[in-house]
Amino acid sequence: VIIYGDLPKNKENVIYLSNHQCTVDWIIADMLAIRQNALGHVRYVLKDGLKWLPLYGWYFSQHGGVYVKRSAKFNEKEMREKLRAQMKAETPMYLVIFPEGTRYNPEIPKVIADSQSFAEKEGLAILKHVLTPRVKATHVAIDSMKEYLDAVYDVTVAYEGTVDHKGQRKLAPSMTEFLCKECPRVHIFIDRIDLKDIPEEQMYMRRWLHERFEIKDKLLIEFYDAKDSKRRNKFPGKSVHSKLSLKKTLPSLLFLGGLTASMLLTESGRKLYVKTWIYGTLIGCLWVSIKP
């Protein structure tokens, strides 16, 4: 894990804005949070369909996640109420938002072309390595929590080994590929932004957010396309190879591994494991449909 920029050592209440390429992006937020002792503070803004995930859909909702629908179906009032409830409960906030709304996938060029066409129509800069960001969820989150937040983290992520022999971007690693070391290094650039430097009106925030994604695009152009090969596969500026000590990772591994193994090694444990998934999923789906 190679980190660039200004990641504070201490935990803060933040909104985390990042480019989105694959499911590993969710874990990148955890990687940064654990380095600030804030792993349990991570919440996500998720697309509405993910609330039906077995067990996890219910878990994300109960852990402060916010499910949103896209475009005209976006429910601003519902999102504000959820965030206000979190603030009222004084819930620590490490709220992860992917403003692109969907993954950047070079194997689906139509999505990229549509995004660029929309930017051109709106008079915005056309982006190459990221999609045109959507502002609604970001604006609602910042506007609702502006007195509660310490900062916004603007995060740019690049995975090594995602360029083919022709220099074209390939699909970012899947979770399995990432965990099996198909991507040996991940580069993370963090820019900590004070709330006072972000415009409050949605119209101006939209322009600001697009400008932030222009910066991301320039970083990624340097990473993937720099003419000087020595400048590729890294972001400009100083970097730190960030390793975690065993004391931060071993206890949770032993706890979860021991708990799972103890269930799967006995017949009654295996029955309980299966019933938890089946009934937990059914009850969870019912819960999120009644109380999103």
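As recorded in an unreviewed UniProt entry, the chain goes by PLCE acyltransferase and comes from Quiscalus mexicanus. Listed under Sequence similarities (unreviewed entry) in UniProt, the entry text for the chain is "Belongs to the 1-acyl-sn-glycerol-3-phosphate acyltransferase family."

(A) Inspection of the overall build of the chain at higher detail. What the chain contains, in helices and strands, is 9 helices and 8 strands. For 292 residues, the compact-globule estimate of 2.2 N^0.38 gives 19 Å, and the chain sits close to it at 20 Å. The proportion of buried residues among the 292 residues of the chain is 44%. Excluding contacts between residues fewer than 6 apart, the proportion of contacts in the chain whose partners are at least 24 apart in sequence is 76%. One way to put it: in the chain the 46 positive side-chain charges average out to a point 5 Å from where the 34 negative ones average out.

(B) Just the UniProt feature "domain: Phospholipid/glycerol acyltransferase" (unreviewed entry) in the chain, in detail. When the UniProt feature table is mapped to this numbering, "domain: Phospholipid/glycerol acyltransferase" (unreviewed entry) covers residues 14–139. Along residues 14–139 the backbone is 38% helical and 14% strand, and the end-to-end C-alpha distance reaches 14 Å.

(C) Representation of the pairing of strand β2 (residues 14–18) within the structure. Counted residue by residue, β2 has 5 buried out of 5 residues, so it is predominantly covered. Taken together, the 4 bridges between β2 and strand β5 (residues 94–97) define a ladder with parallel strand orientation. Considered in β5, the bridge of Val14 is made with Tyr94.

(D) Structural detail: helix α1 (residues 24–34). Judged by how many residues are buried, α1 sits mostly within the fold: 9 of 11 residues are covered. The complete set of buried residues in α1 reads Val24, Asp25, Trp26, Ile28, Ala29, Met31, Leu32, Ala33 and Ile34.

(E) Representation of the sheet that holds β2 in the model. Pairing in this open sheet of 8 strands is mixed, and the strands run β4-β3-β5-β2-β6-β7-β1-β8 from one edge to the other. Only two strands of the sheet have a single partner each, and these edge strands are β4 (66–68) and β8 (239–241). Strand-to-strand twist of the sheet, defined as the mean angle between neighbouring strand axes without regard to direction, takes the value 25°. The strands that helix α3 (residues 76–88) touches are β3 (42–47), β4 and β5; relative to β4, the one it contacts most, it runs at about 175°. In the packing of helix α5 (residues 136–145) onto the sheet, the strands contacted are β2, β3, β5 and β6 (151–159), and the crossing angle to β5 comes to about 160°.

(F) Summary view of the pairing of β5. Every second residue of β5 is oriented toward a common face, with Tyr94 and Val96 on one face and Leu95 and Ile97 on the other, all of them buried. Pairing of β3 with β5 involves 3 bridges; the strand directions are parallel. Bridge pairing in β5 links Val42 to Tyr94.

Thresholds, definitions, all that
Residues numbered from 1 in each chain as written. Predicted model: local features only at pLDDT ≥ 70, side-chain atom pairs only at ≥ 80, totals over all residues. Heavy atoms only, no water. UniProt positions renumbered as here; feature names shortened; annotations may be inferred. Helix = DSSP H or I, 4+ residues; strand = E, 2+ residues; numbered from the N terminus. Rg over C-alpha atoms; globule rule 2.2 N^0.38 Å. Buried < 20%, exposed > 50% of the residue type's maximum accessible area, 1.4 Å probe, protein only. Contact = heavy atoms within 4.5 Å. Lys, Arg positive; Asp, Glu negative; His and termini not counted. Charge placed at Lys NZ, Arg CZ, Asp CG, Glu CD. Pairing = 2+ DSSP bridges. Axes fitted to C-alpha atoms, helices over the stretch in contact; angles between N-to-C directions.

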